[in-house]
Amino acid sequence: MKMQEKDIAFLDSLIRRVPDFPKKGILFYDISTLLKDAKGFSLAIDLIAEKLVENINLDKITKFLSIESRGFIFGAALAYRFKKGLVIVRKEGKLPAETISYSYGLEYGVATVEMHVDAIENGDILVIVDDLLATGGTALATLKLAEDLGGQVLACAFLIELEKLGGRKKLEEKGVKIISVLKY
């Protein structure tokens, strides 16, 4: 299946725009309306997978790093599809065993992400997955955690990229390939 303009238009039509959420001046792209549509959800996974196949050597990948919470949805589906491990990256205080953490700035505040210290083995080759790339803060924090544990991030995959917020450039400066399906 080759991604076509009609596929992008269809996915775009399924995303609800919520102005002034979580605070005034932010336009929130709500993917819950896409996820509840069986055809739309399947198409989103298919298109992310297709772009990964086109852009990186998936044979090298050992694990997908999936960022809380909507990233879990896409990361799990991709890990299953490509028969790779799945690592969950959570918000602070949500993991039960020993963790490594990193704090970073968001476009509307500060956050901390964590993963278990044994989630990544030295030499793992990884793909970070989340629903949306904005400023890149969450993905950069996840990249830092992965590298601190001896992993190498080859790519980041997103359903949505907010181009004006500059996340792509920050990640590419770290040598990471960026995959995104919808660009706003």
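Since the structure is predicted, the reported quantities are computational estimates derived from the model, not experimental observations.

1. Comments concerning the pairing of strand S3 (residues 63-67)
Of all the 5 residues making up S3, 5 are buried; the element is thus mostly covered by neighbouring parts of the structure. In S3, alternate side chains face the same way, and those of Lys-63, Leu-65 and Ile-67 on one face and Phe-64 and Ser-66 on the other are all buried. Relative to strand S4 (residues 85-91), S3 runs parallel, the two sharing 5 bridges. Its bridge partner lying in S4, Ile-67 is registered against Val-89. After leaving S3, the chain enters helix H4 (residues 70-82) and then returns to the sheet as S4, a path that is right-handed. Here S3 pairs with strand S7 (residues 125-133) via 4 bridges, running parallel. Along S7, the bridge assignment pairs Leu-65 with Ile-128.

2. Describing the packing of helix H1 (residues 5-13) against helix H3 (residues 38-55)
Where H1 contacts H3, the two axes come as close as 10 Å, and the packing angle between them is 130°. By the angle between their directions, the pair H1 and H3 is classed as oblique. As H1 packs across H3, the resulting crossing turns out to be left-handed. In contact with Asp-7, Ile-8, Phe-10 and Leu-11 of H1, H3 contributes Lys-39, Gly-40, Leu-43, Ala-44 and Leu-47. Looking at the contact of H1 with H3, its residues break down into 6 nonpolar, 1 polar and 2 charged.

3. Side note on the packing of aromatic side chains
Aromatic rings considered in pairs are described by the distance between their centres and by the relative angle of their planes. If you walk through the whole model with that rule in mind, you get 4 aromatic pairs. Here the aromatic rings of Tyr-29 and Tyr-184 are separated by 4.6 Å at their centres, their planes lie at 20°, and the arrangement is stacked. Taken together, the residues span a long stretch of sequence, with Tyr-29 in strand S2 (residues 27-30) and Tyr-184 in the segment after strand S9 (177-183) at a distance of 155 residues. Classification of Tyr-29 by relative accessible area gives buried; the value is 12%. Judged by relative accessible area, which is 25%, Tyr-184 ranks as partly exposed. Taken together, a centroid distance of 6.2 Å and an interplanar angle of 20° make the contact between Phe-64 and Phe-82 stacked. Here the residue Phe-64 occupies a position in strand S3, and Phe-82 occupies one in helix H4, the gap between them amounting to 18 residues. Phe-82 carries the same exposure label as Phe-64, and that label is buried. Lying over the aromatic face of Phe-10, Lys-39 brings its terminal NZ or CZ to 4.9 Å of the ring centre.

Rules behind the numbers
Residues numbered from 1 in each chain as written. Predicted model: local features only at pLDDT ≥ 70, side-chain atom pairs only at ≥ 80, totals over all residues. Heavy atoms only, no water. Buried < 20%, exposed > 50% of the residue type's maximum accessible area, 1.4 Å probe, protein only. Helix = DSSP H or I, 4+ residues; strand = E, 2+ residues; numbered from the N terminus. Pairing = 2+ DSSP bridges. Right-handed = clockwise from strand over helix to strand, strands pointing away. Axes fitted to C-alpha atoms, helices over the stretch in contact; angles between N-to-C directions. Parallel < 35°, antiparallel > 145°, perpendicular 65-115°, else oblique. Left-handed = near helix turned anticlockwise from the far one by under 90°. Contact = heavy atoms within 4.5 Å. Nonpolar A, V, L, I, M, F, W, Y, C, P; charged D, E, K, R; others polar. Phe/Tyr/Trp six-rings, centres within 6.5 Å; stacked < 30°, edge-to-face > 60°. Lys NZ or Arg CZ within 6 Å of the ring centre and 35° of its normal.

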